[in-house]
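# Report on the structure
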Amino acid sequence: MTGTDWPLWEVFVRSRRGLSHTHAGSLHAPDAEMALRNARDLYTRRSEGVSIWVVPATAITASSPDEKDPFFEPAADKPYRHPTFYDIPEGVRHL
Amino acid sequence: MTTTAPETEVLAAVFDAAVAADERIEPRDWMPDAYRATLVRQIAQHAHSEIIGMQPEANWITRAPSLRRKAILMAKVQDEAGHGLYLYSAAETLGTGRDELLDKLHAGRQRYSSIFNYPTLTWADVGAIGWLVDGAAITNQVPLCRCSYGPYARAMVRICKEESFHQRQGYELLLTLSRGTEAQHAMAQDAVDRWWWPSLMMFGPPDDESAHSAQSMAWKIKRHSNDELRQRFVDICVPQAESLGLTLPDPDLRWNEARGHYDFGAIDWDEFHEVLRGNGPCNDQRIGQRRTAHENGAWVREAAAAHAAKHGKATA
Amino acid sequence: MTAALALGDDALVLSHRLGEWAGHAPVLEEEVALANIALDLLGQARTLLSLVGDEDELAYLREERAFRNVQLVEQPNGDFAHTMARQLYFSVYQHLLYGQLAAADGRLAPLAAKAVKEVAYHRDHAEQWTLRLGDGTEESHARMQRGLDALWRFTDELFEPVEGLPVDWPALRDGWLAQVTDIVERATLTLPGGPGGGAWTAGAGRQGIHTEPFGRMLAEMQHLHRSHPGATW
């Protein structure tokens, strides 16, 4: 960090109870406390959230899009993880 | 990441296919250098427009004639700062930091919408900006919500949602003036007279002279041509002006049954190019204020960074 | 309702001063933060003034001598440190004041209960910046100290009892001094009067005696409204 360039923070907002935090955008702040406050002003000024996470952008490790296929392939071939994999007789409810 | 020529060909094919299929390009995807450069240029110009655009309206915050209007105007100018932030963030995903873009703006090496080089001379100008300038901006921006670059499209969705109040407040403000005292009505008409033509220029040069349009359309960064959007805007405004009880300053404006659109007079492109070249009424003033704010704020930004470093809160 | 007028004028005038920052803030994030605080205050002012009469008549058609705000809030912005010093002194005061009002039974209790949450944020914002500027660079430290020093003389007036407010004023002063001292010391700064020291003040804003910059502020604020008598906006 040079003298005046504040680091970048990624902002995640829980829009209401029961939902998970979702990436809302990013902002610059000198430290975590200020990042949280700036995030509140910027991303929830129309009451869009009940909880905020801020994460230094440099702390995020992302999968590489080049590895897209091998990285996500194992999940794609396990359709049994999805409820639609299973045939349920008609008339059976609450499943 | 270095890639060999055949690899690049494959990546380019994947990119083209994604764009063709209306899929979004995301930050870590491979993209042509020119696509990245075009996006950075466009998003930066858009972000700069938001923050320079705060000035002509902030000019009236301290003189707003009612507390209700004052609250609305402050909230609107605040939104513009927020929109600037969303957009700088979108540009940042392409590897260009906000500081770098601001430096370019301050050095006059990147542009902002030339509309903000016109002065706000009366209170009615706040209304005219809301109705016409924000109206033109929305016409431009709604298609950008489907732009091929994901972060830009997402920023635009958020911005368009927030922007809708901006245009409405402007219209309501003008309507109140138009229906008010004689002096207020005259103030409203004068503002519309001054802002109409510059608003039409906001869509950029005519299609046959637009330098970047064709490639941007192919990449689905842009979805409609300048002239198409301009026509759409004129068609929307004419009936709105009638409801306002105000006239648009164009004697050639009339409905063309055959085209199904309003015909309108010739735009003074010399004026447009002059303003673009820096010769508008407020170019120096706008950049000057921006630069001063940035320079005056340097010690504040340094202090916060120094505090974070001292207390082990710095992250990078 | 002299009390509502006094508190309403405080909020109205400080909101106006913060509104002057629009387009001039040191960093974009702070444009958004300052506007948020200004909007909260303007909302409080409108509610309070409406208890007294027509909000616009009160804001735009009163002469300077009829305003009842403390002199602290009308002080020009100065640099960012000066503004933060003003915010610190005022928001700690307002937070404690509204806290007491919300707990009491008075007419202002519902309003205070809502406002105290907003003001808690203003106070926090001022605290965060005081800490960063005080314990930042040499320059920011000097600027923040200058701000605290310059505005100190306007703080005594804050604790002059306002008629009709169910407030324990000595307790308010003690609480304020304790909190401001704590923040200022953590920021490696010095409180001008020192803990327990009184601030000399010529302040009589509550009696309608204001400082010279206030007249100019009102001239700007009221000019358009007054130029069109009877018009609606």
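Our subject is the structure listed above.
Residues numbered from 1 in each chain as written. Chains lettered and ligands numbered in written order. Predicted model: local features only at pLDDT ≥ 70, side-chain atom pairs only at ≥ 80, totals over all residues. Heavy atoms only, no water.

### Topic: the overall build of chain C
- The helix and strand inventory of chain C stands at nine helices and zero strands.
- From first element to last, N terminus to C terminus, chain C shows the α and β order α-α-α-α-α-α-α-α-α.
- Over its C-alpha atoms chain C spans a radius of gyration of 17 Å, differing by no more than 12% from the 17 Å that the globule rule assigns to 233 residues.
- C-alpha extents for chain C along the principal axes are approximately 55 × 40 × 30 Å.
- Counting over 233 residues, chain C shows a buried share of 63%. (Helix = DSSP H or I, 4+ residues; strand = E, 2+ residues; numbered from the N terminus. Rg over C-alpha atoms; globule rule 2.2 N^0.38 Å. Buried < 20%, exposed > 50% of the residue type's maximum accessible area, 1.4 Å probe, protein only.)

### Looking at the packing of helix α1 (residues 32-43) of chain A against helix α2 (residues 28-52) of chain C
- It is at 9 Å that the axes of α1(A) and α2(C) come closest, and there the two elements cross at 70 degrees. In terms of their interaxial angle, α1(A) and α2(C) are classed as roughly perpendicular. Relative to α2(C), the crossing made by α1(A) is left-handed. Note on element contacts: α2(C) touches α1(A) through C:Glu29, C:Glu30, C:Val32, C:Ala33 and C:Asn36, opposite A:Asn38, A:Arg40, A:Asp41 and A:Leu42.
- Among the residues making up the contact of α1(A) with α2(C), the classes are represented as three nonpolar, two polar and four charged. (Axes fitted to C-alpha atoms, helices over the stretch in contact; angles between N-to-C directions. Parallel < 35°, antiparallel > 145°, perpendicular 65-115°, else oblique. Left-handed = near helix turned anticlockwise from the far one by under 90°. Contact = heavy atoms within 4.5 Å. Nonpolar A, V, L, I, M, F, W, Y, C, P; charged D, E, K, R; others polar.)

### A short note on helix α4 (residues 67-92) of chain B
- If you check α4(B), its first and last C-alpha atoms are 37 Å apart, about what 26 residues at 1.5 Å a residue would give, namely 38 Å.
- Counting buried positions over the 26 residues of α4(B) gives 25, a clear majority of the element. (Expected span 1.5 Å × (residues − 1).)

### Regarding the interface of chain A and chain C
- In this assembly, 12 residues from chain A lie in contact with 11 residues from chain C.
- Carbon and sulfur atoms make up 56% of the area that chain A and chain C hide from each other, which totals about 1100 Å².
- Contact with chain C buries surface across chain A, with A:Met34, A:Arg37 and A:Asp41 losing the most and accounting together for 45% of the total.
- Inspection of the region where chain A meets chain C yields three salt bridges.
- Here A:Asp31 ties to C:Arg132 by a salt bridge, and the two come within 2.8 Å at their closest N and O atoms. (Buried area = accessible area lost by both parts, 1.4 Å probe. Salt bridge = Lys/Arg side-chain N within 4 Å of Asp/Glu carboxyl O.)

### Focus: the sheet that holds strand β2 (residues 22-28) of chain A
All names here are of chain A.
- The strand order across the open sheet built from three strands is β2-β1-β3, with neighbouring strands paired in antiparallel fashion. The open sheet has two edge strands, β2 and β3 (51-56), and neither has a second partner. Each neighbouring strand pair of the sheet contributes to a mean axis angle of 30 degrees, computed without reference to strand direction.
- Pairing of strand β1 (residues 8-14) with β2, which is carried by six bridges, proceeds in the antiparallel orientation. Opposite Trp9, over in β2, you have Leu27 as the bridge partner.
- Across the sheet, α1 touches β1, β2 and β3, and the angle it forms with β2 is around 115 degrees. (Pairing = 2+ DSSP bridges.)

### Focus on the side chain of A:Asp31
- Summarising the element assignment, A:Asp31 is placed in the loop between β2 and α1.
- A relative accessible area of 0% places A:Asp31 in the buried class.
- Among the polar contacts listed, one links the side chain of A:Asp31 to the backbone nitrogen of A:Glu33, at a separation of 3.3 Å.
- Polar side-chain contacts of A:Asp31 include one of 3.0 Å to the backbone nitrogen of A:Met34.
- For A:Asp31, the residues in contact, after removing those within four places along its chain, are A:Trp9, B:His307, B:Ala308, B:Lys313 and C:Arg132. (Polar contact = N/O pair within 3.5 Å; in protein donor to acceptor, adjacent residues only side chain to side chain.)

Just distances and angles here, no functional claims.
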